Amino acid sequence: MQDSSVTFIGLGAMGEPMASSVLRSGVALTVYNRSRERAAPLATAGAKVADSVAAAVTPGGVVITMLANDAALLDVTLGDSGVADRLGAGGLHISMSTVSPETSRHLAAEHAKRGSLWLSAPVFGRPEAAAAQKLWICQSGAAEAKTRAKPLLETMGQAIHDFGEEPGAANVVKLSGNFLILSAVEAMAEALTLAEKSGIDRQALAGFLGQTIFNCPIYQNYGRILAAQTYAPAGFKLELGMKDVRLVRDVAESATVPMPLADLLHARLLTSLAKGRGQLDWTAIEMVSAEDAGKRA
């Protein structure tokens, strides 16, 4: 049975449409965001807006977090008057952020000390997919947590894929997927630059490949962005892409797995950040390929 009241913390480009989906399901939703103005559309739609994390959380209830990075998640969860202490026995924390598996393991243990449950449930999809309730959700954690979370996750996504009980497993899946996405972006960027310098229309090539040998959402959706070279407004900021690649490399080093493509992506992102492109979409790494080829000043 679905919980009657839920808290959603983190109303960024992804969190706001995800919270809206939960609210539309009929749940009594309380929201919190550090920048209160981000909560205005949800307040208009009927959500209660809290002034602090502590005020947002109901003891024994459900909290969903969608935060930018590990530091933010750790602070909101374990900081003074944070989620873990406020939630307490019988509570459930569903973390939908892209964070390190080690952070999830640590927070799962901290919740267990307090008698509450943790579920890692990161998502695949850009803000438009979140708004359409078409996210792909991967999860890992205790069976009890999955059962309780299922009705809420179903309001946000088109499918839930399970990766067992180990709290960090879903985070490894998420990081692996993001690595593959950005690898595809880099490959497309290089191919489109090659075509353009050879006198072939970028959009014609992207359309052809997306309809034939690369007939899949990643090559179709990102191919359109790269062909048009439109990197603002950002669906996923380049600076957040760097955060994810750093996490991929950290996990790879811990597991003793060489990932030369991850090293290349790190270099592309670092160059982009050095050029002041952190607020652009992460597909803007294409600009480095274009510059290397003499197609941009």
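Q: Can you help me understand the overall build of the chain in this one?
A: Counting secondary structure elements, the chain contains 14 helices and 9 strands. Dimensions along the principal axes, computed over C-alpha positions, put the chain at roughly 65 × 45 × 35 Å. Each of the 297 residues in the chain was classed as buried or not, and the buried ones make up 51%. Long-range pairs, those at least 24 residues apart, make up 68% of the contacts in the chain between residues at least 6 apart in sequence. Here the chain displays about 13300 Å² of accessible surface, and carbon together with sulfur accounts for 56% of that area.

Q: Just checking my understanding: could you explain the pattern of salt bridges for this structure?
A: Two side chains that carry opposite charge are able to pair once their charged atoms sit near each other. A complete count under the given rule lists 19 salt bridges for this structure. Look at the salt bridges and you will find they share partners, linking Asp85, Glu110, Lys113 and Arg114 into a network.

Q: When you look at the side chain of Glu286 in this model, what are you seeing that I'm missing?
A: Within the secondary structure, Glu286 is located in helix H14 (residues 286-292). Those residues within four positions of Glu286 in sequence are excluded, and the remaining contacts are Ala189, Thr193, Arg202, Leu226, Gln229, Tyr231 and Arg296.

Q: For this particular structure, what's the right way to read the environment of Glu291?
A: If you trace the backbone, Glu291 turns up in helix H14. In this structure Glu291 comes out as buried when scored by relative accessible area, which is 19%. In this structure the C-alpha to C-alpha distance between Glu291 and Ala56, which are 235 residues apart in sequence, comes to 47 Å.

Q: What is the right way to read the side chain of Ser21 from this model?
A: By secondary structure assignment, the location of Ser21 is in helix H1 (residues 15-24). The class of Ser21 is buried, set by a relative accessible area of 1%. In terms of polar contacts, Ser21 uses its side chain to reach the side chain of Arg24, at 3.3 Å. When sequence neighbours within four positions are dropped, the list of residues in contact with Ser21 reads Ala130, Gln133, Thr155 and Met156.

Q: Looking at this structure, how should I read the packing of aromatic side chains?
A: Working definition: an aromatic ring pair is given by the centre-to-centre distance plus the angle between the planes. Using the criterion set out here, one finds 3 aromatic pairs in the structure. Between Phe214 and Tyr219, the ring centres sit 4.4 Å apart and the planes meet at 20 degrees, which makes this aromatic pair stacked. Residues Tyr222 and Trp282 carry aromatic rings whose centres are separated by 6.5 Å and whose planes lie at 65 degrees to one another, so their mutual orientation is edge-to-face. Of this pair, Tyr222 sits in helix H11 (residues 217-228) while Trp282 is found in the loop between helix H13 (260-274) and H14, placing the two residues 60 residues apart along the sequence. Judged by relative accessible area, which is 6%, Tyr222 ranks as buried. Three or more aromatic residues joined by ring pairs make a cluster, and in this case those are Tyr222, Phe236 and Trp282. Directly above the aromatic system of Phe124 lies the positively charged group of Lys174, at a separation of 4.3 Å from the ring centroid.

So, how was this worked out
- Residues numbered from 1 in each chain as written.
- Predicted model: local features only at pLDDT ≥ 70, side-chain atom pairs only at ≥ 80, totals over all residues.
- Heavy atoms only, no water.
- Helix = DSSP H or I, 4+ residues; strand = E, 2+ residues; numbered from the N terminus.
- Buried < 20%, exposed > 50% of the residue type's maximum accessible area, 1.4 Å probe, protein only.
- Contact = heavy atoms within 4.5 Å.
- Areas by Shrake-Rupley, 256 points an atom, 1.4 Å probe, with all protein chains shown as cover.
- Salt bridge = Lys/Arg side-chain N within 4 Å of Asp/Glu carboxyl O.
- Polar contact = N/O pair within 3.5 Å; in protein donor to acceptor, adjacent residues only side chain to side chain.
- Phe/Tyr/Trp six-rings, centres within 6.5 Å; stacked < 30°, edge-to-face > 60°.
- Lys NZ or Arg CZ within 6 Å of the ring centre and 35° of its normal.

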